[in-house]
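Architecture and fold: a report
Here is what each chain is made of, one letter per residue.
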Amino acid sequence: MKNLTRVLLVAGALGLTSTVFVLYRLLTSSEDDDDEDEDKRQSATSKQTVIELDVPPKAVGSIIGRQGANIKEIQKTTGTRINFKDDNKSDKDSQRTIIIRGSAESAQRAELIIRELVANMPVVLTEVMFVPSSALGRIIGRNGDTIRGISRSSNARVFIDRTKDEYRDIDREIQITGTREQIDLAKTLIEEKLQEEKVFRAKKSVMEANRDKRTKPSGDNKNFKREETPLEKTEPGPSLHTDKVCSWPSGREFVEVYVSSVANPHTFFVQILTSMSLRLDEVVKSMSQYYATERQEDMVDTVNIGDLVAAPFDQDASWYRARVCGFLGDDPDQLDLFYLDYGDSCYLDKAKVRVLQSQFLSLPFQAVECELANVSPKDGDSWEELVVDRFEQMTFSAMWKVLMAKLVETNTLSTGEKIHLVELVDTNGEKAACLYCL
């Protein structure tokens, strides 16, 4: 009985030990499984997903945004890193590849946002409209200011091909690129400029019809040429008011001009045809009305070289703006006058001129001095009378017919006066004629 009890106790002890061992193995196995699962989770969390996405080149700007604002916002929202491959950067027509890095969920979210951006992009179109070449100057504006303003206001890209000759009377092509709304707005703004040009042309026609044909002033100027004459440094010369002279338009190859006065092909004056130049007739009309009445405050007592005065022109009843250039011989009462808006010169008695009042000085002086490029006198010194007469005929001097002028070079004298070396083209006939050969 004692032996049986001992056997049972041993067996019980062994059973308990086995049970404990089994429980121990189960517990350690469970802990090992938990550690393995944790390792797997940590491995999945730290591992990045990389997605490559091809997008059309026209979508790149929308994805990046102004100064990178859009792409930065996508990265911040999704917790991803996004950049473009540089493989096709130089090829503007090839697809661009976007690389998205992040967790699987974040990368897929960023991909979805980019796909939605591309899908919702507005359709970009390119349309062509044609405008008269005479209206290009108004559409382009000074230094391109007007056309840049049209682009800014409409957010469309407006392109004008200016490589061709601008003096030909043909329609010119304007390309407009943008969305439907942007193109329509740009076309509306261009149409407004065309309407302004139409009004300007109508006023120009009236002006040409009403302007008197100016007769050539007396005196032989056929061989006159402006020479460089340095000023004395100790005694500054009289003011020539060069800062008040109309400037040559920049950014345009050809401009429309009237030749208003001719001494010879190396010394002649033009009026540049702009909306501002049309105001000249209004100034002349206002001056003529004002000086038709004699006033004591308008009378001239003493006159110095360089003074600005109001003066009639020979037998003309109208009044004009003029500058005193000198005197006839030793007679201080006979003034040598230069007419600042036309380029004419003549002698006039001091009693006939008046003080030029300030209200008539707001408009820049319209006479722009020019020299014809690519020509010179046959003998190298003087122009033959027949050549000068022919040049006057070809340029319609003081007849108020439009020529096209191309600026070649500008020379500035020590006096501040500017001499514009130009080429002239006559477009009044069936074929354009360049005035190179006289």
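All residue numbers refer to positions counted from 1 along the written sequence of the respective chain. Totals for whole chains, interfaces and linings use all residues, but because this is a predicted model, local features are given only for residues with pLDDT of at least 70 and pairs of side-chain atoms are given and counted only at 80 or more. Side-chain metrics in this entry use all non-hydrogen atoms of the structure; hydrogen atoms and water are not considered.

All right, on to the packing of aromatic side chains then. Aromatic rings from Phe, Tyr and Trp, taking only the six-membered ring of Trp, are treated as a pair when their centres fall within 6.5 Å; an angle between ring planes under 30 degrees marks them as stacked, one over 60 as edge-to-face, and anything in between as tilted. Under the criterion given, the structure shown has eleven aromatic pairs. Ring centres 5.3 Å apart and planes at 50° place the aromatic pair Phe269 and Phe338 in the tilted group. Within this pair, whereas Phe269 is found in strand 8 (residues 267-272), its partner Phe338 is found in strand 11 (residues 331-339), the two being separated by 69 residues in sequence. Both rings, one in Tyr290 and one in Tyr291, keep their centres 4.8 Å apart while their planes meet at 90°; by these two values the pair is edge-to-face. Tyr291 matches Tyr290 in its accessibility class, with the two residues each being buried. Among the aromatic side chains, those forming a connected cluster through ring pairs are Tyr258, Phe313, Tyr320, Tyr339, Tyr342 and Trp400. Should the NZ of a Lys or the CZ of an Arg lie within 6 Å of a ring centre and within 35 degrees of the ring normal, that charge is described as sitting over the ring. Just above the ring of Tyr290 sits the side chain of Arg295; from NZ or CZ to the centre is 4.0 Å. Counting from the N terminus, the helices are the DSSP runs of H or I reaching at least four residues and the strands are the DSSP runs of E reaching at least two. Relative accessibility thresholds used throughout: buried, under 20% of the residue-type maximum; exposed, over 50%; partly exposed, between the two (1.4 Å probe, protein chains only).

The term salt bridge refers to a pairing of a side-chain nitrogen on Lys or Arg with a carboxyl oxygen on Asp or Glu at a separation within 4 Å. All chains considered together, the criterion is met by 14 salt bridges. The salt bridge involving Arg295 is made with Asp298; its shortest N-O contact spans 3.9 Å. For Arg295, a relative accessible area of 25% gives the class partly exposed. Connected through shared salt-bridge partners, Glu127, Arg180, Asp184 and Lys187 make up one network.

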